[in-house]
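Structure at a glance
Residues per chain are reported as follows:
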Amino acid sequence: MTEAAEKFFEALPSRAPEVLGGLADGTLQIDLTDDHRSEHWLVRMRPGSVQVSRERGPADAIWYSSAALFDRLITGEAQGVAAVLRNESTFSGNVVLFLAFRRFFPDPPGTRDPRETARRATGRLR
């Protein structure tokens with residue numbers, strides 16, 4: 001596991017109040033593989049809170065990903081839903097948990113709010 005991934009998981013509980021709304025209520029198991037080794041993370045999400053442990057199930061959903069893809073997700077270089085659609089990672093169970101969890105990932109580098117861009121173009125900064 002990379003140091004960046006460790007820090008990402010450590011920061012989840014403090015970021016949860018601003019990231020998670022009322023939709024997330026359940027447990028997501030994240031299985032990350034690197035060569036022939038797997039690491040497991042259990043993320044218990046409740047509205048506004050998260051508990052993280054290095055355990056396996058029981059879980060309402062399981063997300064399988066390579067450690068390399070996960071590193072790209074936590075830096076904004078890849079997108080979670082796109083990775084699942086391209087079959088770079090797989091997911092089973094309650095999809096709401098996956099959709100809620102992806103909100104912890106940053107936007108891609110260079111992404112700007114389109115409303116701010118439009119305000120600058122029209123000269124109406126507020």
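Quick note: structure is the one above.
Below is a short write-up of the structure. Residue numbering note: each chain is counted from 1, following its sequence as written. Totals for whole chains, interfaces and linings use all residues, but because this is a predicted model, local features are given only for residues with pLDDT of at least 70 and pairs of side-chain atoms are given and counted only at 80 or more. With hydrogens and water excluded, all non-hydrogen atoms of the structure serve as input to the side-chain values.

**Section: the environment of Glu 18**
Summarising the element assignment, Glu 18 is placed in helix 1 (residues 3-19). Residues Glu 18 and Gly 48, spaced 30 residues apart in sequence, show a C-alpha to C-alpha distance of 7.1 Å. The numbering of helices and of strands both runs from the N terminus, where a helix is a DSSP run of H or I of at least 4 residues and a strand a run of E of at least 2.

**Some thoughts on the pattern of salt bridges**
What makes a salt bridge here is a side-chain nitrogen of Lys or Arg within 4 Å of a carboxyl oxygen of Asp or Glu, nothing more. Per the stated rule, a full pass over the model turns up 8 salt bridges. Arg 54 is the partner of Glu 39 in a salt bridge, and the nearest nitrogen-oxygen pair spans 2.5 Å. Here the residue Glu 39 occupies a position in strand 2 (residues 37-46), and Arg 54 occupies one in the loop between strand 3 (49-53) and strand 4 (61-66), the gap between them amounting to 15 residues. Given the relative accessible area of 13%, Glu 39 is considered buried. Here Arg 72 and Glu 88 are joined by a salt bridge, their closest N and O atoms 3.9 Å apart. Taken together, the residues Arg 72 in helix 2 (residues 67-74) and Glu 88 in the loop between helix 3 (80-85) and strand 5 (90-93) connect sequence positions 16 residues apart. For Arg 72, a relative accessible area of 32% translates into the label partly exposed. Among the ionic contacts, a cluster of salt bridges with common partners joins Glu 6, Arg 37, Glu 39 and Arg 54. With a 1.4 Å probe rolled over the protein chains alone, any residue whose accessible area is under 20% of its type maximum counts as buried; one over 50% counts as exposed, and the rest are partly exposed.

**Details of the nonpolar core**
Take the buried Ala, Val, Leu, Ile, Met, Phe, Trp, Tyr and Cys residues and link them wherever side-chain atoms come within 4.5 Å; each set so joined is a nonpolar core. Judged by nonpolar contacts, the single largest core of 29 residues is most densely connected at Phe 9, Met 45, Phe 70 and Phe 101. Breaking this core down by element, the ones donating at least two residues are helix 1, strand 1 (26-34), strand 2, strand 4, helix 2 and helix 4 (95-101). Of all the elements, helix 1 adds the most residues to this core, at 6 residues. Throughout, a residue-residue contact means that at least one pair of heavy atoms, one from each residue, lies within 4.5 Å. Those residues in contact with Phe 9 that sit more than four places away from it in its chain are Ile 30, Leu 32, Trp 41, Val 43, Val 52, Phe 70 and Phe 101.

**Observations regarding the pairing of strand 1**
For strand 1, a buried count of 7 out of 9 residues is recorded, marking the element as mostly surrounded by other parts of the structure. Strand pairing is assigned whenever DSSP identifies at least 2 bridges connecting the two strands. Strand direction decides the pairing type here: strand 1 and strand 2, joined by 9 bridges, are antiparallel. The residue of strand 2 that forms the bridge with Thr 27 is Arg 44. If you look at the hairpin formed by strand 1 and strand 2, you'll find 2 residues sitting between the two strands, and Asp 35 has a positive phi there, around 60°. Note: strand 1 against strand 4, 6 bridges, orientation parallel. Looking at strand 4, one finds that Thr 33 is bridged to Ser 66.

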